[in-house]
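Each chain, letter by letter, is given below.
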Amino acid sequence: VLVDRLVWHPNDAELESRIADSIEAAFRDGGGRAVIAFLKGDGSTDEEKFSEHFECANDGLPFDEPEPKLFSFNNPFGACPECQGFGRAMGIDPDLVIPDPSRSLRSGAIICWTTERFSSYWNDLLFHAREQNINVDVPYQSLSEREKMLIWKGFGNYIGIDGFFKELEKKTYKLHYRVLLSRYRGYTTCPKCQGSRLRPAAMNVRVGSLGSDHGNTIHDIVRMTIAEARAFFESLTLNEYETTIAARIIDELRKRTRYLDEVGLNYLTLERLSNTLSGGESQRINLATSLGGALTGTLYVLDEPSIGLHPRDTEKLLRILRGVRDLGNTVIVVEHDEEVMRAADEILDFGPHAGELGGKLLYQGPPGDLLEKAGKESLTAQYLRGELNIPIPKKRRRVDMRYAIAISGASANNLKTIDVRFPLESFVAVTGVSGSGKSTLVHSVLYAGLKKLKGESVGQVGSHREIQGEDMVNHIELIDQTPIGRTPRSNPATYIKVFDLIREAFSRTFYAKQRGWSPGYFSFNIPGGRCDTCEGEGFVAVEMQFLADMYLECDSCGGKRYKQEVLDATLNGKNIVEVLAMTVSEAIEFFKDHDRIRAKLQVLDDVGLGYIRLGQPATTLSGGEAQRVKLAAHMADQNQEHILFIFDEPTTGLHFDDIAKLLTALNALVERGHSVIAIEHNLDVIKSADWVIDIGPNAGAEGGEIIGEGTPEIIAAIERSWTGKYLKPMLK
């Protein structure tokens, strides 16, 4: 519909009114769309298109009205319809197609084309690669993102890896093609959202111009590290209108990214999955979340905030805690780190020991007075004064590098294609600042890789070229801080299998023999002597309709788990319930005439757990206690097969005195012919190791290199090593 034609003259009020009426008519008759055509002298026209709708006026591409739920992958409105907001979908796994990225295209990096049957695709790639200047003689991992995209997507007459698999999918009516495809299938980046998790409409909204002439999408921003995101928001320039809208939001973003940066998490990306974070990283994120509110008059209670922190990063933590205090808040910290203790305004020292032997307030006051006024009862004061200490080993074990697990080409996450050797029958410490790549190397590559070679699956294996020496160890055990059991039925006595021996001892009593009771009759996990009402739980669940279930003490057994007749059977005057209520230290004395029972219990005491009760539910144990119970279980096992033990921060939650006991236990494992590898930041542990592998120099993209390998003295002499810098004074 041609609404109007006119000749434009500036400053003509009547003409402007006519134009307004004509445009209004054009929008009305055009369904909210209008075009203005400018006639040139040569008879051609230039057109300007306009639309009242939220769409591109030129091609009619519609846009969704931006609202918060559009940018949330947890909301059905914003989630990618292909992957449902997970960012990963079942498809061809690049890690299976190219298992060794250190190989070149010419040497067979693309594994599916190395067979004679499909070698024509490989020859096709080599022939056409010169068209795009793709170097086929350098490692695949050295190629640019553009070159990798061309190899996968194709160009010209070359169909690409994706095209190859599409051809195979057309032939899946044949069994052998289905089998072939299954070899290369896995969860991979969603092809529709490219891992953003969001629907395409969300990518139409851009902010700022850092790194792009057109601004950054939300996916561009969440892929930044926290340090990069902080710099982005600090430098973000908005016009007056945008500032009016977003000033408060930008202020909050700057504040929160600053806190995350200052707690030492600058190397994490904003999109990092929470289940891949270490315990220390998770705790520091929670800390930053709390501090982000900038509250005043608030009581903050922090449980070991230095967990997972390298000594270099502890000062950053202290700076933040002081800042929170200076805002008018109170900060209470449960902590064992010496630097944190000395930085406190006031110390409360409890003791003198753990469990039944603890619970006394030994000192309260400034840290300086603790050193002067606290008596011999305070183990903390004795260690801070230097009266007690963890000594440097007088003689380190001789390390034979010919007898080692060798990893070559480790390139998972931020590892820089490193080669590393872990000597066996030694105590090895893996060190480096938080986020340097220690967990990736030890968990994802070493542990998962060895388990796979042994025929066991523990999840995805980190990228590497080869692992050698797996035949030198019989078993691989990861001793972490996961619970030893998820129900109250599990306890330390059952975990280290001493409860089997205790039940056997009770079955030999005169009372039990008269009634023909076997050891199983004294178990609360199987029918027999356990209470029939609660089935050995000690409590019963009461359903509360629409409310959460209530758990009440069992009326039949009074929470004791056993029938009354079982409690009449006594051993040295104690029944089975009274024995389970004993601490480990009390039980050692009680079973002094039962060598096998005492030996197993002694191991729990040796790792500093003499205060826990034999029947204490596993769900009430801390992460550090659970880790030491697992260690005790292995120490109590007299099996002499060579085991490679891997520990992740075994000193978490431990006092100086407990660390001394832990080191004795770890060295005992090595003396029995086993191997110990520990990821650790504690300098007392590092200085006690036979061999140290230091990774760094920094976190994230600036880490992933081997800074040094050798004895603690060798590491202390390396100038680039942050670990060496803090370790050097400890070795004097």
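In the block above lies the structure referred to throughout.
Quick look at the structure, then. Given the structure is predicted, the values throughout are model-derived calculations rather than measurements.

A word on the sheet that holds strand S19 (residues 705-710). Taking strand neighbours across the sheet as the criterion, the six strands line up as S13-S16-S17-S11-S18-S19 in an open arrangement whose pairing is mixed. In the strand order of this sheet, the two ends are held by strand S13 (475-479) and S19, each with one partner. On average, each strand axis in the sheet is tilted by 15° relative to the strand beside it, whichever way the strands run. Where strand S18 (residues 691-696) and S19 come together, five bridges link them in antiparallel fashion. Within S19, the position partnered with Ile693 by the bridge is Glu709. Here helix H15 (residues 438-453) sits on the sheet in contact with strand S11 (427-431), S13, strand S16 (643-648), strand S17 (675-679) and S18, set at roughly 150° to S16. Its contacts with the sheet place helix H24 (residues 656-671) against S11, S16 and S17, and it is angled at close to 125° to S11.

By the definition in use, this model includes 21 aromatic pairs. Aromatic side chains Phe54 and Phe63 sit 6.0 Å apart centroid to centroid with 65° between the ring planes, which places their arrangement in the edge-to-face category. Look at Phe54 and you get partly exposed, because its relative accessible area is 43%. In textbook terms, an aromatic cluster arises when at least three aromatic residues are bridged by ring pairs, as seen for Trp113, Phe118, Tyr121, Phe155, Tyr158, Phe164, Phe165 and Tyr184. Over the face of the ring belonging to Tyr259 we find Arg258, whose NZ or CZ atom lies 5.3 Å from the ring centre. Cation over ring: Arg561 sits above Phe524, and NZ or CZ is 4.3 Å from the ring centre.

Strand direction decides the pairing type here: strand S14 (residues 539-544) and strand S15 (residues 547-553), joined by five bridges, are antiparallel. Paired with Met544 across the two strands is Leu547, which belongs to S15. From the end of S14 to the start of S15, which pair antiparallel, there are two residues, and Gln545 there has a positive phi angle of about 55°.

A word on helix H9 (residues 240-265). If you check H9, its first and last C-alpha atoms are just 33 Å apart, much less than what 26 residues at 1.5 Å a residue would give, namely 38 Å. All buried positions along H9 are accounted for by Ala246, Ile250, Glu252, Lys255, Thr257, Tyr259, Leu260, Asp261, Val263, Gly264 and Leu265.

Calculation notes
Residues numbered from 1 in each chain as written. Predicted model: local features only at pLDDT ≥ 70, side-chain atom pairs only at ≥ 80, totals over all residues. Heavy atoms only, no water. Pairing = 2+ DSSP bridges. Helix = DSSP H or I, 4+ residues; strand = E, 2+ residues; numbered from the N terminus. Axes fitted to C-alpha atoms, helices over the stretch in contact; angles between N-to-C directions. Contact = heavy atoms within 4.5 Å. Phe/Tyr/Trp six-rings, centres within 6.5 Å; stacked < 30°, edge-to-face > 60°. Buried < 20%, exposed > 50% of the residue type's maximum accessible area, 1.4 Å probe, protein only. Lys NZ or Arg CZ within 6 Å of the ring centre and 35° of its normal. Expected span 1.5 Å × (residues − 1).

Geometry only, nothing functional implied.
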